[in-house]
Amino acid sequence: MRRGLAGGAVGLAVLLLAGAARTPAPHRDRSQFLSEYERAHPDSAAWLGFVRTLADPRFEGRGPGTAGIDSAAAWLAREMNHMKLLPGGEEGGYFQAMEVTTGVEVGTPCAVEVRGKRTEVGDSFQPLGFSTNGTLRAPIVFAGYGITAPGYDYDDYAGIDVHDQLVLVMTNEPGEMDSLSRFDGSVNTPHAELRTKAINAREHGALGLLVVNGPRYHAGEPLAKPRTEGSGYMSSGLIAARISEAIAGRMLERLGLTLAGLQSTIDAHTRPHSVALPESVTITVTLRRTRATIKNVIGWIPGVDSTRTLVIGAHYDHLGFGNEGSLAPDSHLPHLGADDNASGVAAMLGVAHEQAAAWRAGLPPQHNWVFCAFTGEEMGLVGSSHFVYQPTRPLESVEAMLNMDMVGRLRDNKLLVMGVGTASEFPGLIERANRPAGFAIKTSTDGFGPSDHSSFYRRKIPVLMLFTGAHADYHKPSDTWDKINETGLFRVGRFAGALLDSLDARPRVTYQQAQGDSTMGRIAGGGGYGAYLGTIPDYLQTEGGVLLSGVRAGGPAERAGLKGGDVIVKFDGVRIDNIYDYTFALRSRKPGQQVRITVKRAGAEQDFLATLGRRP
Ligand SMILES: [Zn+2]
Ligand SMILES: [Zn+2]
């Protein structure tokens, strides 16, 4: 990590620093230079040009594992080099590389065998991306929709035993299109998610799950292939696959049942109708996890005081051709991500451009300014997590981090500033920076939220995050450059620059633990259901339990004695291997309930009793 930022350019940097240090009042000169520079370069069109380039279809939606994201990284490095930022990555370059699992590929053998007839992977049989590998032969039980939902007074597993069996379930939920259905009418509840069904089957003792389209609304629909990108690969701990209606029909045949008949029986009164079938089925699944190398792109300007650092971040990755983060999941068009987050990267480059000009004019900032275009944000803050655990700059030197994620859709002059509770000086600094800017600012105190600033806040670094709000094109292919508010983007970037300048010119701000609120989670659709424990899971893609990076002050987890560094492996009897298991467990319990939580701490397992709360 030393090699990165302290590369060959240091000699030059030191010379420049020495010159600048002799200048008596560097701040005044710098701010004068910067405001003159700004007047001479009222260049919002160039900023929009950055967005347009990054959101170009040739970058394929900048999805990890695509050639497009590599081209985008190369383009960013060229831009940074062009501005004469020093390389801030590894080995004297601009890149900081890391390897991630990007998805799954179907291998061989992969087949299902029912009543002596074998069907290979294809139109009638497809493994699910979260399946384990292997072969399973077991008796089969039809378990309706595969749902256990105490909140809806509905349980497909009531009165049946599926231990060591395979379960056959339909997609979606009872009365899927029925606006009077107990399951909230025409919008699916989380119980309809296939992963939820898989975990539920596993928790009832089943060894495998077969999913068939409910014929009532989905007859003849082609079977989806396992996702080839995104993070849906984490194993659910059992064999899982989709089969055609015809194959399901063969399993029901001997009892004289049909899928359509069973479905209408269940839907008529929203009453389960599960039944053990007189067949044994063999399934074989072979999946290969695909890996890819992804890169943060980092450039920096050395400060007068080399022991002080400000980090400016914006993620440049997006959803590629769509994955489970997509809100248009059936689309295979590139998700161009102009607002999310070509806009934040453009604003960051704009600020870098200005600052580099001042530095080249012999007016360096006080702090090192480190500009990070993060990767893997959409997969779970992968790039920023990697950076804070393997920083190319000593992390203790980082006094604050400013993140921009979706800053291109300014409407009604409304700018959201998050993280203002993470340093006691922030409210005042923001107020002063906004006097000339004149935004209608809405603030939230929380330093946690679904973007890269969270990774820094986790390491107790004060963070700020700028955001111009969600919109209908969020996470869809229609998030295009022409919908960007050019002037708005420019103003937000300039505001970010002003904030950073004020941080640069003052002593270190004082970190404080912010009051939690879930504004950002709700905005991004990550809001919770059911019970609340007040944990902050580490968003790195881990299996073998859920690692906590912290717990909410005063929340149920903290009161129970849980703390950062704990790995949750069991939650009220549910085995927790990954974040999906954990979400399932929380969803299926109610506020007020007491639960036993098993965590791994310092190599040993320990139990804690927690009383679940309601989401604040
Ligand atoms: Zn984003
Ligand atoms: Zn996003």
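Look up a bit, the structure's there.
Bear in mind that the values here come from a model prediction, so they are computed numbers and not experimental data.

## A closer look at the coordination of the zinc ion (ligand 1)
Phase 1 of the analysis: Taken together, the protein ligands of the zinc ion (ligand 1) are His 315 (NE2), Asp 340 (OD), Asp 405 (OD) and Asp 405 (OD), with distances of 2.0 to 2.5 Å.
Phase 2 of the analysis: What the four donor atoms of the zinc ion (ligand 1) show is an angle range of 55 to 149 degrees at the metal, which sorts the shape as irregular.
Phase 3 of the analysis: Each donor residue of the zinc ion (ligand 1) belongs to the same chain, with the gaps between them written as H-x24-D-x64-D.
Phase 4 of the analysis: Taken as an interatomic distance, the gap from the zinc ion (ligand 1) to the zinc ion (ligand 2) is 3.4 Å; Asp 340 donates to each of them. With His 315 in strand 14 (residues 309-315) and Asp 405 in the loop between strand 16 (398-404) and strand 17 (414-418), this pair connects stretches of sequence that are 90 residues apart.
Phase 5 of the analysis: You can call Asp 405 buried: its relative accessible area is 5%.

## Section: the packing of aromatic side chains
Phase 1 of the analysis: All told, the structure shown has 13 aromatic pairs when counted by the stated rule.
Phase 2 of the analysis: Where Phe 33 meets Tyr 37, the ring centres are 6.0 Å apart and the plane angle is 20 degrees; that geometry is what we call stacked. One end of the pair is Phe 33 and the other is Tyr 37, both in helix 3 (residues 26-40) and four residues apart, which spans about a single turn.
Phase 3 of the analysis: When its relative accessible area of 21% is taken as the criterion, Phe 33 is described as partly exposed.
Phase 4 of the analysis: Ring centres of Phe 571 and Tyr 582 lie 6.1 Å apart, and the angle between their planes is 75 degrees; this geometry places the pair in the edge-to-face category. Of this pair, Phe 571 sits in strand 23 (residues 567-571) while Tyr 582 sits in helix 17 (residues 579-587); the two residues are eleven residues apart in sequence, bridging distant segments of the chain. Each member of the pair Phe 571 and Tyr 582 is classed as buried.
Phase 5 of the analysis: Counting every residue linked through ring pairs, the aromatic cluster contains Tyr 152, Tyr 154 and Phe 183.

## Observations regarding the sheet that holds strand 12 (residues 275-285)
Phase 1 of the analysis: Pairing is mixed across the open sheet formed by eight strands, whose spatial order is 4-3-12-6-9-10-11-5. If you trace the sheet from one side to the other, it starts and ends with strand 4 (117-120) and strand 5 (125-127), each paired once. The sheet shows a mean angle of 30 degrees between the axes of neighbouring strands, taken without regard to direction.
Phase 2 of the analysis: Strand contacts of helix 6 (residues 194-203): strand 9 (166-170), strand 10 (208-212) and strand 11 (239-243), with the helix running at about 145 degrees to strand 10, the strand carrying the most contacts.
Phase 3 of the analysis: Against the sheet, helix 8 (residues 245-252) touches strand 3 (111-114), strand 4, strand 6 (134-142), strand 9, strand 10, strand 11 and strand 12, its axis set at about 135 degrees to strand 12.

Cut-offs applied
- Every residue gets a number counted from 1 within its own chain, in the order that chain's sequence is written.
- Here the convention is simple: chains get letters from A, ligands get numbers from 1, in the order in which they are written.
- Restriction of local features to residues with pLDDT of at least 70 applies here, the model being predicted, together with a cutoff of 80 or more for giving and counting side-chain atom pairs; totals for whole chains, interfaces and linings are based on all residues.
- Heavy atoms throughout the structure, all of them, feed into the side-chain values; hydrogens and water do not.
- Only nitrogen, oxygen and sulfur atoms qualify as donors, and only when within 2.8 Å of the metal (3.2 Å in the case of Na, K and Ca); with water excluded, sites may look incomplete.
- Only four donors with every angle between 85 and 135 degrees are called tetrahedral; only four or six donors with opposite donors over 155 degrees apart and all others between 65 and 115 are called square planar or octahedral, in that order; all others are irregular.
- To qualify as a helix, a DSSP run of H or I must reach at least 4 residues; to qualify as a strand, a run of E must reach at least 2; elements of each kind are numbered from the N terminus.
- Three labels apply to residues, based on accessible area from a 1.4 Å probe with only protein chains included: buried if under 20% of the type maximum, exposed if over 50%, partly exposed otherwise in between.
- The pairing test for Phe, Tyr and Trp rings, Trp by its six-membered ring, is centres within 6.5 Å, and the orientation test on the planes gives stacked under 30 degrees, edge-to-face over 60, and tilted for anything in between.
- When DSSP finds two or more bridges between two strands, those strands count as paired.
- Think of each axis as a best-fit line through the C-alpha atoms, taken over the contacting stretch in the case of a helix, with angles from 0 to 180 degrees between the N-to-C directions.
- The contact rule is simple, with two residues in contact once any of their heavy atoms fall within 4.5 Å.

No statement about biological role is implied by the geometric values presented.
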